[in-house]
Amino acid sequence: MITKHDLEYHGYGNLDDYFEAICQEIEQNNHSAAREMQAKLSRGQLLAFEQFLDEAYHYELMDEL
């Protein structure tokens, strides 16, 4: 589980910033770093990340229309 202190220590303002950083690692084909970042998340945080991805995908589709 990543804590608020962990987020602040690594320069992330909140979980959404951390989720965005994971997405950037994936976009840059740095999958091992993305997996390491995801491994730090608790089950609840992983579910929140999945929801974050769903919403990002939805908004990306809407932008294409």
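Conventions we followed
The residue numbers shown here count from 1 along each chain, following its written sequence. Selection of residues for local features in this predicted model requires a pLDDT of at least 70, selection of side-chain atom pairs for listing and counting requires 80 or more, and totals for whole chains, interfaces and linings are taken over all residues. For side-chain calculations, the full set of non-hydrogen atoms in the structure is used, while hydrogens and water are omitted. Here a strand is any run of E in DSSP of at least two residues, a helix any run of H or I of at least four, and the numbering for each starts at the N terminus. A residue's pLDDT is the predictor's confidence in that residue, given on a scale from 0 to 100. Relative accessible area decides the class of each residue, using a 1.4 Å probe on protein chains only: under 20% of the type maximum gives buried, over 50% gives exposed, and in between gives partly exposed. In this description, the arc belongs to the directions extending from the helix axis to the C-beta atoms. By definition in these notes, contact holds between two residues if any of their heavy atoms fall within 4.5 Å. Joining through side-chain atoms within 4.5 Å is the link that ties buried Ala, Val, Leu, Ile, Met, Phe, Trp, Tyr and Cys residues into a set, and such a set is a nonpolar core.

With respect to the environment of Ser32
Within the element layout of this structure, Ser32 appears in helix α3 (residues 31-39). When the C-alpha atoms of Ser32 and Tyr9 are compared, they prove to be 21 Å apart, with 23 residues separating the residues in sequence.

Focus: the confidence of the model for the chain
Interpretation of this model should avoid reading the predicted coordinates in detail wherever pLDDT is low. Mean pLDDT over the chain works out to 92, with 95% of the residues at or above the 70 mark. By mean pLDDT, helix α4 (residues 43-64) is the weakest element of the chain at 87, and α3 is the strongest at 97.

Points about α3
Every buried residue of α3 is accounted for by Ala33, Ala34 and Met37. The buried residues of α3 occupy one face: seen down the axis, they fall within an arc of 100°. Those residues of α3 that are exposed and aimed more than 90 degrees away from the buried face are Arg35, Glu36 and Ala39. Close packing links the buried residues of α3 with α2 (15-27).

Here's the deal with the nonpolar core
Ile2, Leu7, Tyr18, Phe19, Ala21, Ile22, Cys23, Ala34, Met37, Leu41, Phe49 and Phe52 together form the largest nonpolar core, which totals 12 residues. Mapped by element, the contributors of at least two residues to this core are α2, α3 and α4. Ranked by the residues each element gives to this core, the list is headed by α2, at five residues. Excluding residues that lie within four positions of it along the chain, Tyr18 makes contacts with Ile2, Leu7, Tyr12, Met37, Lys40 and Leu41.

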